[in-house]
Amino acid sequence: MLDCASSFFTYETTKSVVVKRRSLGIINRIVQALIIIYFVGYVFLYEKAYQDRDTGIESAVMTKVKGFGFYDNYLMDVADYVTPPQGASVFCIITRMVITRNQTHGRCHEADKKFNCSTDKDCEKHLSSNLASGKITGKCVTEAQRCEIEGWCPAEDDTKKMPPMKEAENFTIFIKNSIRFPRFNVTRGNIRPKMENKNTCLHHPVHDTSCPIFRVGDVLKYAGVEFSNIASTGGEIGINIGWVCNLDLGEKKCLPKYSFTQLDSAFKHNSFSKGFNFRFAKYYMSEDGREYRTLHKAFAIRFDILVSGNAGKFYIVPTLINIVAACTSVGLATIFCDIILLNFLKGSEQYKAKKFEEVSGSVSWSESHELHMGSQMLKEEVKNSDDSGAYSIGYSAGQSTCA
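The model shown is predicted, which means the values in this text are computed figures rather than measured ones.

**Structural notes on the overall build of the protein chain**
Within the protein chain, the secondary structure is distributed over 10 helices and 18 strands. Each of the 403 residues in the protein chain was classed as buried or not, and the buried ones make up 34%. Relative to all contacts within the protein chain whose residues are 6 or more apart in sequence, the contacts with residues 24 or more apart total 69%. Looking at the protein chain as shown, the accessible area adds up to about 26100 Å², and 55% of this sits on carbon and sulfur atoms.

Structure below.
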């Protein structure tokens, strides 16, 4: 314990040692150069560590779909196939529907073949089932050989195969996006002034990257999705708007970049709950006061507009912090060379003896006199080195080491 305590209350000071070995000097300069290249090339130029950054973007999105299509011999417009109708950042384009007309409250048989029956006992085991059409009563409708339900009748039969609306591939989506970086009080929008003079445009990743109007078929192609597949089962597509801005170049250079992805790609090989669908109903009242509805099971392409932002601007505090970090990291080259010098080079024991010297807290007169006489004897062999404040000792054998 006393040894631990005495070693704790000690002071270590650096000792400048010059080692005249060309190989070690080359390694030292190479390591220093690599550290400098890393900070200058990656930290400052690529990562722009001299900038203050703002990632807390404020964003607003408005969307509008245009196009006409035919489904089940009916002409459909935006009010028929887009939901919700408010033009939000998440919306659906319906491409296929299963329509059950003239439903009213009552009792009828289930349409699904899973509920085949011959007696009531076959239906009692389905009493706890949750169905879209209604609630199982536990009785068997012998004429249809299906279990009876109580709810909206007739029951929905989603086994009907209807072709999707092919015209949906040519529908267009207009996206209006405005953002603000509150830290720098910078506001930008994805509609530039020169677009106002254009009657129409269509987004292209090479020829027209700034146009905010997208063709549905092109969006699916950029996301790697076949229209024929997703139109039948539905799915989810993400339109990403990225605002990565270097405000040192001016606010006019702060422009959005669009990218596209299939958000439900993790489930495209699943047979359970494949695609995307939902139900909605339209209600009306007959002359005799009875309520009816038309039920729609809609298979739709859901579009999610995702906005992200990252803006940077020169600021003195991160600049100084990273300059200090760079200057400090250059010293790692010395540590690396010390490891090589003290462990792997020939004569490492000599280097350890010259590099590390232990001095007690109190020095007697005789010890001080011996140290003074020893320093007088060494002066004859000492040569000034090229490094300031350091000395190198030359041996008669021609080897170079340090003191």
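**So, the state of the cysteines**
Enumeration over the complete set of coordinates arrives at five disulfides. Shown here is the disulfide that connects C123 with C147, its sulfur atoms set 2.2 Å apart. Between C123 and C147, the S-S torsion sits near -95°, and that sign places the bridge as left-handed. Of this pair, C123 sits in helix α4 (residues 121-124) while C147 sits in strand β8 (residues 146-153), and the two are 24 residues apart along the sequence. Of the two residues, C123 and C147, neither departs from the other in class, the shared state being buried.

**Notes on the packing of aromatic side chains**
Taken as a whole and assessed by the stated rule, the structure comprises 13 aromatic pairs. Geometrically, the ring pair formed by Y38 and Y42 is stacked, given 5.6 Å between the ring centres and 20° between the ring planes. In this pair, Y38 and Y42 are both assigned in helix α2 (residues 22-46), four residues apart and thus about one turn of the helix distant. On the basis of relative accessibility, which here comes to 42%, the residue Y38 falls in the partly exposed class. On the numbers, 5.4 Å between centres and 20° between planes, the contact of F91 with F303 is stacked. Here the residue F91 occupies a position in strand β6 (residues 90-109), and F303 occupies one in strand β15 (residues 291-314), the gap between them amounting to 212 residues. Among the residues examined, F91 registers a relative accessible area of 2% and is labelled buried. According to the relative accessible area criterion, F303 is buried, its value standing at 0%. In this structure, R96 packs its charged tip against the face of F299, placed 4.0 Å from the ring centre.

**Looking at the confidence of the model for the protein chain**
In low-pLDDT regions, the fine details of the predicted coordinates are not to be read closely. Per-residue confidence for the protein chain gives a mean pLDDT of 83; residues scoring 70 or more make up 87%. The low-confidence segment residues 377-403 (pLDDT under 50) makes 37 contacts with residues lying over four places distant or belonging to another chain.

**Let's talk about the pattern of salt bridges**
Here the structure, examined in full by the defined rule, presents 10 salt bridges. Two residues, R215 and D218, come together in a salt bridge whose shortest N-O distance is 2.9 Å. For R215, a relative accessible area of 21% translates into the label partly exposed. Using a relative accessible area of 13% as the deciding quantity, one classes D218 as buried. Here the salt bridges do not stand alone but share partners, grouping R107, E148 and E150 into one network.

**Focus on the nonpolar core**
Formed by 44 residues in total, the largest nonpolar core has its most connected members in Y81, I93, I237 and F303. The biggest single contributor to this core is β15, with six residues. Discounting chain neighbours no more than four positions away, the residues touching I93 are V65, Y81, F171, I173, V216, F299, A300, I301 and F303. Judged by nonpolar contacts, the second largest core, of 10 residues, contains C108, C123, C153 and A155.

**Some thoughts on the environment of Y258**
Position of Y258 relative to the elements: it lies in strand β13 (residues 257-262). Looking at Y258, the relative accessible area reads 13%, which means it is buried. The spacing of Y258 and W243 is 15 residues in sequence and 9.2 Å in space, taken between C-alpha atoms. Non-local contacts of Y258, meaning those with residues more than four positions away in its chain, are made with N190, H203, T209, S210, P212, F214, N240 and I241. Polar side-chain contacts of Y258 include one of 3.2 Å to the side chain of N190.

**Some thoughts on unusual backbone geometry**
Residue P84 follows T83 across a cis peptide bond; omega there is -10°. Following the sequence through the fold, P84 ends up in the loop between β5 (82-83) and β6. Across the junction of C153 and P154, the peptide omega takes the value 0°, indicating a cis bond. As for its placement among the helices and strands, P154 is situated in the loop between β8 and β9 (172-181). You will see that D72, though not glycine, has its phi angle at about 55°, which is positive. Along the chain, D72 falls in the loop between β3 (69-71) and β4 (74-76).

Here is what the cut-offs are and how they apply
Counting of residues starts from 1 at the beginning of each chain's written sequence and follows it residue by residue. At least 70 in pLDDT is required for a residue's local features to be given in this predicted model, at least 80 for side-chain atom pairs to be given and counted, and no such filter applies to totals for whole chains, interfaces and linings, which use all residues. Side-chain descriptors were evaluated using all non-hydrogen atoms of the structure, hydrogens and water having been removed beforehand. Note on conventions: DSSP H or I runs of at least 4 residues are helices, E runs of at least 2 residues are strands, and numbering of each starts at the N terminus. Exposure categories follow from relative accessible area, calculated using a 1.4 Å probe and restricted to protein chains: below 20% of the type maximum is buried, above 50% is exposed, and the middle band is partly exposed. The contact criterion used is simple: two residues touch if any of their non-hydrogen atoms lie within 4.5 Å. In this description, accessible areas are obtained by the Shrake-Rupley approach with a 1.4 Å probe, and a residue is regarded as covered only by the protein chains that are shown. Cysteine sulfurs are considered disulfide-paired once they come within 2.5 Å of each other. Note on aromatic pairs: the rings of Phe, Tyr and Trp (six-membered ring only in Trp) are paired at centre separations within 6.5 Å, and the planes decide the class, stacked below 30 degrees, edge-to-face beyond 60, tilted for the rest. Two thresholds decide whether a charge sits over a ring: the Lys NZ or Arg CZ must be within 6 Å of the ring centre and within 35 degrees of the ring normal. Every residue gets a pLDDT, meaning the predictor's confidence in that residue, from 0 to 100. The working definition used for a salt bridge is a side-chain nitrogen of Lys or Arg within 4 Å of a carboxyl oxygen of Asp or Glu. For the purposes of this section, nonpolar cores are sets of buried Ala, Val, Leu, Ile, Met, Phe, Trp, Tyr and Cys residues that join through side-chain atoms within 4.5 Å. We define a polar contact as two N or O atoms separated by no more than 3.5 Å, with the added condition that, inside protein, one atom must be a possible hydrogen donor and the other a possible acceptor, whereas residues neighbouring each other in sequence contribute only through side-chain atom pairs.

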